[in-house]
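Reading the structure
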Amino acid sequence: MKFQNAMMAPLLSVMAVAVGFPLMYSLWLGFTSYQLVSGGVADFVGLDNYMRVLSDRDYWASLSATATYVFLSVTFELIIGLTLALALQSQKWFKNFTRSFLLAPMFITPIAVGLMFRFFLNDQLGAIPYYLNQVGLSYDFFGSGRALVSLAFIDVWQWTPFMVLLLLAGLESIPKQPIEAARVDGANRFYIFRRVTLPMLSPILIVAVLLRGLDALKVFEYVYATTRGGPGIETKTIQYLTYQTGISYYRLAEASAMAFILLVIVLGVIILLFRRLERVNIR
Amino acid sequence: MARVTFDNVVKKYGDTTVVKGLNLELPDGAFTVLVGPSGCGKTTTLRMIAGLEPVTSGAIRIGDKDVTTLEPKDRDIAMVFQNYALYPHLTVRENLAFPLRAIRVNRADALKRADAVAETMGLTALLDRKPKDLSGGQQQRVAIGRAIIREPAVFLFDEPLSNLDAKLRVEMRTELLQLQRRLGITSLFVTHDQEEAMTLSDFIVVMRDGEIAQQGKPKDVYDRPNSTFVAAFVGSPKMNLMEGTFSAGKFVADSGLTLAVAGVSAGKKILGVRPDDVILEVGGKSSSRGRVGVIELLGPRAIVQVDASGQSLTAVVESSRMEGIVEGAEVGISIRDSSHHLFDAETGQRV
Amino acid sequence: MNRFKLIDASRIVLLVVAVAAVALPLLWVALASFKTPADLNQPGIVWFTPTMSNWAEVLSSDIFVAVGRSILVATVTVGIAVVVGSMGAYSIARFSTGGSLSRFGILAAQVLPPAVLVFPFLSVAYMLRLNGTLVPIIFSHLSFVVPVVTWFLIGFFAAVPKEIEEQARVDGFGRFDTFRLVVLPQVLPGIGAAAIFGFTLSWNDMFYGLILSPSNSTILPVAIAGFNTFRGVELGPMAVAILIAIIPVVIASFFVQKRLVQGISGGAVKG
């Protein structure tokens, strides 16, 4: 076997067992009426599961909630992240410490972050509501209409560092000459940023937004730690709904169908991202 | 110690043919230099001997063994790269000993031999250093030491001196030559510098566009270049080449300059004269006249550029004869007897 | 010339705010771990007598068994990922094996929603009667750690100069020995960072852990979630559990910060 293929073989084998096989099996599961006790045998029910899922209003509500969540969190992460990255780039004092410290949140297990905020924002036990009360404000972080935003806020706390990381890398890799040239030409800081830095940064921005967005789609731990889908079904994000359907309600096959629909959406997005990446590289 | 033979070797990258049907034999135990302008295929040829580039068609033999399809490690060769490629994570001693590990020499013996080679190369004081703490010249020595420790059949050098400053280059040239003489291993040295090629080689191969333009002993190639390309490439300063017509003992260049050249049959030809063979006389009786342009003083000699009837000529003049030859001076030009070269006006080949 | 411009001032203010925003919740949790249930019910308390009872309770529980399991799962996963991933990353970096398809595959595998793979894992675990072991979890962790580690390493392998490999081949080494003896030593820092990063990913996973690990012998994040009853009294011990999960990882992140940039971009920035 050619050397390069032999070196790829172990990786491919592991991926086939850990990803490839489950993927195929998941597809099959979606077309059956499988139950955990079936022991590997199940009736083929065609598109029943898919139909049931797609006609369920709760499913669409879930998709909508998830989309809102992704939009909110990624937008804020992008804006805050870019600002922080710019600030960190020209940082001189305590550079390493600041960077390491600001990156720390993304390394914490999400369930811990979720639980931490659950109580930090809890209207009886939490510090923030307490101090808000002191100044006469009262805000129920997990109440109706606000829970989803609070969850997005948790996402922003934990994952802005990831954005900062990518954007810092991007900022440090773009050529300095165009910026210096613009400065010499007399352009002011904001103009330079808008017309020179930002365009050069755009490929990385796109990658960062898409990577982060795809990750945000999978939100589960924050919901599990705080609202468990409530109030009502307001925060029942898609991965949480799938978990509930499969594990709490024992509808494994239907859950598989649900998951596979999400997969198709995700694959669609990354194919687009990939085409974009390739085009940039060719340039 | 072995002959290296190229049997009709062709190398293509996609549709581009980089080496065209090369037939070459490197003499056993000799220092052969492969020289030519960039893109001529010399580095590709070297890498094909090493096994780093696959051969499109043809065969390469080292000694009597056909090595065309063998991995580099099975060819019994050693190579020194342009940037020395020392292993950054190993000390000098370990770098030197490393090739012995491949042939399963035990560690103690390997390190002993490394120390011995280090002494030969004058590296003993540096044995415990890492490559990044060495100067360019020292790194080079380590690279060479690493090549000789296995006593291979063939040495390959890919422009190893190009990264050194001029003075160091000349020093290393001498050292390299002495080393090769002592070891007697067949060596192939690639360079784009024709001066380096001329001083180092027992046997020189000039390449152009994937083919051999001329091969032979350096003196032969210098004295009898077989084409205008080789004539212009070998020798510094460059040979003066003029297109023109011969008739009745005179050469009339297309530019207008007339020179007296005896013993040439009539017709359109290219005349080649080495700057060393151009004689300038202040005043002088020659009917060919010119005006001195730029002068470069090189200590024992000077390179003088002369404008003659619209033709620019380069001459080399001994310092002792420079009296009166100054910028703007009018001089007479003549050519040393029988030192000229003639080339066909169409093909550029020697006649 | 030291000009203290408005923009420098606002930059520093911004960073201070950011550091505070990160520190505050963490600090609060740290403090909470020392508070009695009574104190916890009064979030306004500034001065309180710290108690070690929460720590005592958690440290004497079997939380460390869960920690041990997390370590085991993460170590096995990362071990496999580094071996398999470095070979694959080398192949992709040096030879562009599989071209766009392999790069796409690796990217896709990283962003796959766990919900897609978890049910097959669960089902197969039951069929093979492995549902009481940590084996299903390890496989599920492999599904995302291996691609990430591979992606991470590609950039590092691409940075090794070709000449060194050619030199080794000419010096008498076959291609695998060249990889093992010459290329790997050059990428060791990258492998270290990839290992830490992969370890963190595995350590932090809760989704697979929740579904696939046996209820009586679970991994750490799930154990932490177990403190999540709707009773406020569990907050103290939960704070301790949170800190136990957070501290090692945050410390590790300090060491890895520099190489992270090179790895996470894995080709996204430099291609």
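Residues numbered from 1 in each chain as written. Chains lettered and ligands numbered in written order. Predicted model: local features only at pLDDT ≥ 70, side-chain atom pairs only at ≥ 80, totals over all residues.

1. Some words on the overall build of chain C
Across its full length, chain C carries 12 helices and 0 strands. From first element to last, N terminus to C terminus, chain C shows the α and β order α-α-α-α-α-α-α-α-α-α-α-α. Per-residue burial for chain C yields a buried fraction of 54% across its 271 residues. In chain C, once contacts between residues fewer than 6 apart in sequence are set aside, the share between residues at least 24 apart is 77%. (Helix = DSSP H or I, 4+ residues; strand = E, 2+ residues; numbered from the N terminus. Buried ≥ 20, exposed ≤ 12 C-beta atoms within 10 Å, placed from the backbone. Contact = placed C-beta atoms within 7 Å.)

2. A short note on the overall build of chain A
For chain A, the count of helices and strands is 12 helices and 0 strands. N-terminal to C-terminal, the α/β element order of chain A is α-α-α-α-α-α-α-α-α-α-α-α. Taken along its principal axes, the extent of the C-alpha atoms in chain A is 75 × 70 × 30 Å. Looking at chain A as a whole, 44% of its 283 residues are labelled buried. Expressed as a percentage of contacts within chain A between residues at least 6 apart in sequence, the contacts between residues at least 24 apart total 71%.

3. Quick word on the nonpolar core
Ranked by internal contacts, the top residues of the largest apolar core, which has 259 residues, are Ile224(C) and Ile242(C). Take this core: its biggest share by element is 16 residues, from helix 7 (residues 147-173) of chain A. (Core = buried A, V, L, I, M, F, W, Y, C linked by C-beta atoms within 7 Å.)

4. Observations regarding helix 5 (residues 166-183) of chain B
End to end, helix 5 of chain B covers 26 Å across 18 residues, agreeing with the expected 26 Å (1.5 Å per residue, within 8%). Residue Gly184(B) follows helix 5 of chain B closely and has a positive phi angle near 65°. (Expected span 1.5 Å × (residues − 1).)

5. As for the sheet that holds strand 18 (residues 311-318) of chain B
Residue and element names in this part refer to chain B. The strand order across the open sheet built from 5 strands is 15-19-16-17-18, with neighbouring strands paired in antiparallel fashion. Two strands bound the open sheet, and with one partner strand each, they are strand 15 (278-282) and strand 18. The mean angle between the axes of side-by-side strands here comes to 45°, regardless of whether they run parallel or antiparallel. Taken together, the 8 bridges between strand 17 (residues 301-308) and strand 18 define a ladder with antiparallel strand orientation. Along strand 18, the bridge assignment pairs Val306 with Leu313. (Pairing = 2+ DSSP bridges. Axes fitted to C-alpha atoms, helices over the stretch in contact; angles between N-to-C directions.)

6. Brief notes about the interface of chain A and chain C
Contact residues are listed per partner, giving 81 residues for chain A and 76 residues for chain C. Residue contributions to the side of chain A that touches chain C peak at 16 residues, all from helix 1 (residues 3-30) of chain A.

7. With respect to the environment of Met79(B)
By secondary structure assignment, the location of Met79(B) is in strand 6 (residues 77-80). Those residues in contact with Met79(B) that lie beyond four places of it in its chain are Ala50(B), Ala147(B), Leu156(B), Asp158(B) and Val170(C).

8. With respect to the interface of chain B and chain C
Where the parts come together, the accessible area they lose is often given as the size of the interface. Across the contact, 18 residues belong to chain B and 13 residues belong to chain C. Every element with two or more residues in the side of chain B that touches chain C is listed here: strand 6 and helix 2 (92-102) of chain B.

9. Structural notes on unusual backbone geometry
Look at the link from Ser236(B) to Pro237(B): it is a cis peptide, with omega at 0°. For Pro237(B), the position within the fold is in the loop between helix 8 (228-233) and strand 11 (240-247). Of note in the backbone geometry, Arg228(A) takes a positive phi value of approximately 50° without being a glycine. On the secondary structure map, Arg228(A) appears in the loop between helix 10 (221-225) and helix 11 (238-248). When the 13 C-beta atoms within 10 Å are taken as the criterion, Arg228(A) is described as partly exposed. The backbone of Arg104(B) shows a phi angle near 65°, a positive value even though the residue is not glycine. Tracing the sequence through the fold places Arg104(B) in the loop between helix 2 and helix 3 (107-120).

10. A short note on the arrangement of the chains
Contacts are most numerous between chains A and C, considering all 2 pairs of chains that are in contact. You won't find any contact between chain A and chain B; their C-alpha atoms come no closer than 12 Å.

11. A word on the packing of helix 1 of chain A against helix 7 (residues 135-158) of chain C
At a closest axis distance of 8 Å, the pairing of helix 1 of chain A and helix 7 of chain C adopts a crossing angle of 140°. Here helix 1 of chain A lies oblique to helix 7 of chain C, going by the angle between them. Seen from above, helix 1 of chain A lies across helix 7 of chain C with left-handed handedness. Each of Leu11(A), Val14(A), Met15(A), Ala18(A) and Val19(A) in helix 1 of chain A lies in contact with helix 7 of chain C, whose residues at this interface are Phe139(C), Leu142(C), Ser143(C), Val146(C) and Thr150(C). Residues that form the contact of helix 1 of chain A with helix 7 of chain C fall into these classes: 8 nonpolar, 2 polar and no charged. (Parallel < 35°, antiparallel > 145°, perpendicular 65-115°, else oblique. Left-handed = near helix turned anticlockwise from the far one by under 90°. Nonpolar A, V, L, I, M, F, W, Y, C, P; charged D, E, K, R; others polar.)

12. Thoughts on the confidence of the model for chain C
All names here are of chain C. Model confidence for chain C is summarised by a mean pLDDT of 82, while 89% of its residues fall at 70 or above. In the predicted structure, residues 267-271 sits below a pLDDT of 50 and forms 11 contacts with residues beyond four places in sequence or in another chain. In the predicted complex, the global pTM is 0.82; the interface-specific ipTM is 0.81. (pLDDT = per-residue confidence, 0-100.)

13. Re the sheet that holds strand 1 (residues 4-13) of chain B
All names here are of chain B. If you trace the 4 strands from one edge of the open sheet to the other, you get 2-1-4-5, paired in antiparallel fashion. In this open sheet, the two edge strands, each paired with only one partner strand, are strand 2 (16-26) and strand 5 (65-66). Sheet analysis places strand 1 next to strand 2, joined by 7 bridges and oriented antiparallel. Bridge pairing in strand 2 places Val9 opposite Leu22.

14. A few points about helix 2 of chain B
Side chains three or four residues apart in an α-helix point the same way, a direct result of the helix having 3.6 residues per turn. All names here are of chain B. The element helix 2 is extensively covered by neighbouring structure, given that 8 of its 11 residues are classed as buried. For helix 2, the elements touching its buried residues are helix 3 and helix 4 (136-148). Residue Arg104 follows helix 2 closely and has a positive phi angle near 65°.

15. Side note on the pairing of strand 14 (residues 267-273) of chain B
Residue and element names in this part refer to chain B. Of all 7 residues in strand 14, 5 are buried, a share of seventy percent or more. Bridge count between strand 11 and strand 14: 7 bridges; the pairing is antiparallel. Bridge pairing in strand 14 places Leu241 opposite Gly272. As paired elements, strand 14 and strand 20 (residues 341-344) share 4 bridges and run antiparallel to each other. Residue pairing in the sheet places Ile270 in a bridge with Phe343 of strand 20.

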